[in-house]
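One-letter residues, chain by chain:
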Amino acid sequence: MNKNKRKVAFYTLGCKLNFAETSTISRSFPEESFEKVSPDSGADIYVINTCTVTDTADRKCRQAIKKFRNLSPGAIIAVTGCYAQLRPEEISSIPGVDLVLGMNEKYDVASFIDRTVRRGKAEIYGCGTEADDSFFNSWSVDDRTRSFLKVQDGCDYRCSYCTIPLARGGSRNPPISTIIREAQDIVGHGVKEIVLTGVNTGDFGKSTGETFAGLLRELVQVPGIERLRISSIEPNLLTDEIIDMAASENSIMPHFHIPLQSGSDRILGLMKRRYRREVFADRLRAIIEKIPLAGIGADVITGFPGETDSDFDDTYNFLKSLPVSYLHAFSFSARPDTPAEKMHGRISPAITAERSRLLKNLSDEKHLEFCTINKGQTASVLFEQTRSGGMITGLTGNYLRVEYPWKKELVNTIREVRIGDPAPSGRLNIELTD
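Residues numbered from 1 in each chain as written. Predicted model: local features only at pLDDT ≥ 70, side-chain atom pairs only at ≥ 80, totals over all residues. Heavy atoms only, no water.

### Details of empty space enclosed by the protein
1) Next: On inspection of all chains with the given rule, the structure shows one cavity of 30 Å³ or more.
2) Next: One number sums up the size of the largest cavity: a volume of about 70 Å³.
3) Next: Around the largest cavity sit Glu 21, Met 103, Asn 104, Lys 106, Tyr 107, Ser 134, Phe 136, Lys 150, Asp 153, Arg 168 and Arg 172, which together line it.
4) Next: Broken down by class, the residue content of the lining of the largest cavity amounts to three nonpolar, two polar and six charged. (1 Å grid on protein atoms, 1.4 Å probe; cavity = no way out; pocket = protein on both sides within 12 Å on 5 of 7 lines; lining within 4 Å. Points joined across faces, edges and corners; volume = space filled by probe spheres on them. Nonpolar A, V, L, I, M, F, W, Y, C, P; charged D, E, K, R; others polar.)

See the structure below:
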């Protein structure tokens, strides 16, 4: 190790898009001057890429700053991402923060750090009420197994609870030709699976006159891409063409994560979502008709202002009736400068917590049902490089996490397996069949 190198650690909060961007930021630090280390070890520099979708995300950022300040009192702490973009003064007032960078400045964080002098007061660059519409290409290569590839950024939807359009600007994307070149680079690093990420992924093509389905058609032709996974897609943008490709193309994983947010049409209207619940149900029927064992996840928010017991029951019973395999349930969090922040009919924390508990239990029930119908089925698994309790883990195409006794030669390979019962870890036991 070169003792003249400064140790830099990267810490990411939030979505897969943030992980892709953090990986790109990390590659901008010259290897001859910086040594990348774990955030849990002592570092000279910490770069925190933040999320602000909930107040919990904000709190986790503040906790991380405090942790790193205590771990390495003399370190430079730089904070960027959505939280930094929207509330830079709030972050700059946190003890230990030296640098706050906006969304468009974060890709040049290494040069900002080079000229940062610790003065006890954070320097703020480029943060404002809204980001501009530049697009910065990003993809991750930290994990040889899987790469997050950013194909779209920003959002034009302006849902009443969401600050992302303020933090990231309007919907935009690079041309398909650029994405193809990046995918080829990723494959060159030995990555087996590419996860397509964005703020509103299905909106790909708005700024180039292309479509997300067109992007998929081109990507499946790239030599070396063995698995493509769609990270999340709005129900009104999940077209029959996309579903048909997932059913017919072996490289497109039979897994869809589709935000619902509420099963009450009245609440969906208050949220200013661009669909009603029947659209969501119709998309699930179309998926299951073509891909009976598809994994289907859904996002749902409870405790939204004005959500009555009847509205919640509509959501719960609607989800219970559908072939979803897991849920991501969120408690409503009022975000500054959003219409929902000023809405009447706030739900008490106790009621919101109880509704969240019921949705979590429903998610567990749905996941167990999905595991049961998959038992005895053969599936392909991409094994990962992490070792957990003497086991190697991996994901099936339809997003079931499995485990097998550790064998180094399985790392970053795709193998055919037979699905068994759940293990004590919660993962599924498997048998190799090839």
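### Considerations on the sheet that holds strand β2 (residues 34-37)
Working definition: the strands of a sheet are paired by backbone hydrogen bonds and lie parallel or antiparallel to each other.
1) Next: Judged by pairing direction, the sheet is parallel, and its six strands sit side by side in the order β2-β1-β3-β4-β5-β6 without closing on themselves. Of all strands in the sheet, those with a lone pairing partner are β2 and β6 (123-125), marking the two edges. Sheet twist, expressed as the average angle between the axes of neighbouring strands with direction ignored, equals 20°.
2) Next: Across four bridges, the pairing between strand β1 (residues 6-12) and β2 is parallel. Directly across from Lys 7, in β2, lies its bridge partner Glu 35.
3) Next: The strands that helix α1 (residues 16-27) touches are β1, β2 and β3 (45-50); relative to β1, the one it contacts most, it runs at about 170°. (Pairing = 2+ DSSP bridges. Helix = DSSP H or I, 4+ residues; strand = E, 2+ residues; numbered from the N terminus. Axes fitted to C-alpha atoms, helices over the stretch in contact; angles between N-to-C directions. Contact = heavy atoms within 4.5 Å.)

### Digging into the sheet that holds strand β10 (residues 255-261)
1) Next: On the basis of which strands lie adjacent, the open sheet formed by three strands has the order β10-β11-β12 and parallel pairing. Here the strands that pair on one side only, and so sit at the sheet edges, are β10 and β12 (326-331). Averaged over all adjacent pairs, the angle separating strand axes in this sheet is 15°, with direction ignored.
2) Next: Bridge analysis of β10 against strand β11 (residues 295-302) gives six bridges, and the strand direction is parallel. Paired with Ile 258 across the bridge in β11 is Ala 298.
3) Next: In the packing of helix α11 (residues 277-290) onto the sheet, contacts are made with β10 and β11, and the angle to β10 comes to roughly 165°.

### Re the nonpolar core
1) Next: Judged by nonpolar contacts, the single largest core of 62 residues is most densely connected at Leu 149, Leu 196, Phe 212 and Leu 219.
2) Next: Leu 219 has contacts with Ile 179, Ile 180, Ala 183, Leu 196, Ile 225 and Leu 228, leaving out every residue within four places of it along the chain.
3) Next: With 22 residues, the next largest nonpolar core counts Ala 9, Leu 13, Ile 77 and Ala 122 among its residues. (Core = buried A, V, L, I, M, F, W, Y, C linked by side-chain atoms within 4.5 Å. Buried < 20%, exposed > 50% of the residue type's maximum accessible area, 1.4 Å probe, protein only.)

### Some points on the packing of helix α8 (residues 212-219) against helix α9 (residues 240-248)
Geometry of a packed helix pair, given as the angle between the helix axes and the separation of the axes.
1) Next: Here α8 crosses α9 at 20°, and the two axes come no closer than 9 Å. With respect to their mutual orientation, α8 and α9 come out roughly parallel. Our pair here, α8 against α9, has a crossing hand that is left-handed. Counted together, Phe 212, Ala 213, Leu 216 and Arg 217 of α8 and Glu 241, Ile 242 and Met 245 of α9 form the full contact between these two elements.
2) Next: Split by residue class, the contact of α8 with α9 holds five nonpolar, no polar and two charged. (Parallel < 35°, antiparallel > 145°, perpendicular 65-115°, else oblique. Left-handed = near helix turned anticlockwise from the far one by under 90°.)

### Points about the environment of Lys 192
1) Next: Following the sequence through the fold, Lys 192 ends up in the loop between α7 (176-188) and β8 (193-197).
2) Next: For Lys 192, a relative accessible area of 19% gives the class buried.
3) Next: Considering only alpha carbons, one finds Lys 192 and Gly 202, ten residues apart in sequence, at a separation of 23 Å.
4) Next: In this structure the side chain of Lys 192 is engaged in a polar contact, spanning 3.2 Å, whose partner is the backbone oxygen of Asn 412. (Polar contact = N/O pair within 3.5 Å; in protein donor to acceptor, adjacent residues only side chain to side chain.)

### Some remarks on α11
1) Next: Compared with the 20 Å implied by 1.5 Å per residue over 14 residues, the 21 Å span of α11 between its first and last C-alpha is a close match.
2) Next: The set of residues buried in α11 consists of Phe 280, Ala 281, Arg 283, Leu 284, Ala 286 and Ile 287.
3) Next: Those residues of α11 that are buried are in contact with α9, β10, β11 and α12 (309-320). (Expected span 1.5 Å × (residues − 1).)

### With respect to the pattern of salt bridges
1) Next: Taken as a whole and judged by the stated rule, the model has 37 salt bridges.
2) Next: Salt-bridge contacts for Glu 21 lead to Arg 168; the nearest nitrogen and oxygen are separated by 2.8 Å. You can see Glu 21 sitting in helix α1 and its partner Arg 168 sitting in helix α6 (residues 164-168), a full 147 residues away along the chain. The residues Glu 21 and Arg 168 share a single accessibility class, namely buried.
3) Next: Through salt bridges with shared partners, a single network forms among Glu 21, Lys 106, Lys 150, Asp 153, Arg 168 and Arg 172. (Salt bridge = Lys/Arg side-chain N within 4 Å of Asp/Glu carboxyl O.)

### Some points on the state of the cysteines
1) Next: In total, this model carries zero disulfides according to the counting rule given.
2) Next: Looking at the unpaired Cys 82, the closest cysteine sulfur is the one in Cys 51, lying at 6.4 Å. (Disulfide = S-S within 2.5 Å.)

### Re the side chain of Asn 200
1) Next: Tracing the sequence through the fold places Asn 200 in the loop between β8 and α8.
2) Next: On the basis of relative accessible area, Asn 200 is assigned to the buried category, the value being 2%.
3) Next: Each residue touching Asn 200, except ones within four places of it in the same chain, is listed here: Gln 152, Gly 154, Cys 155, Tyr 157, Glu 234 and Leu 237.

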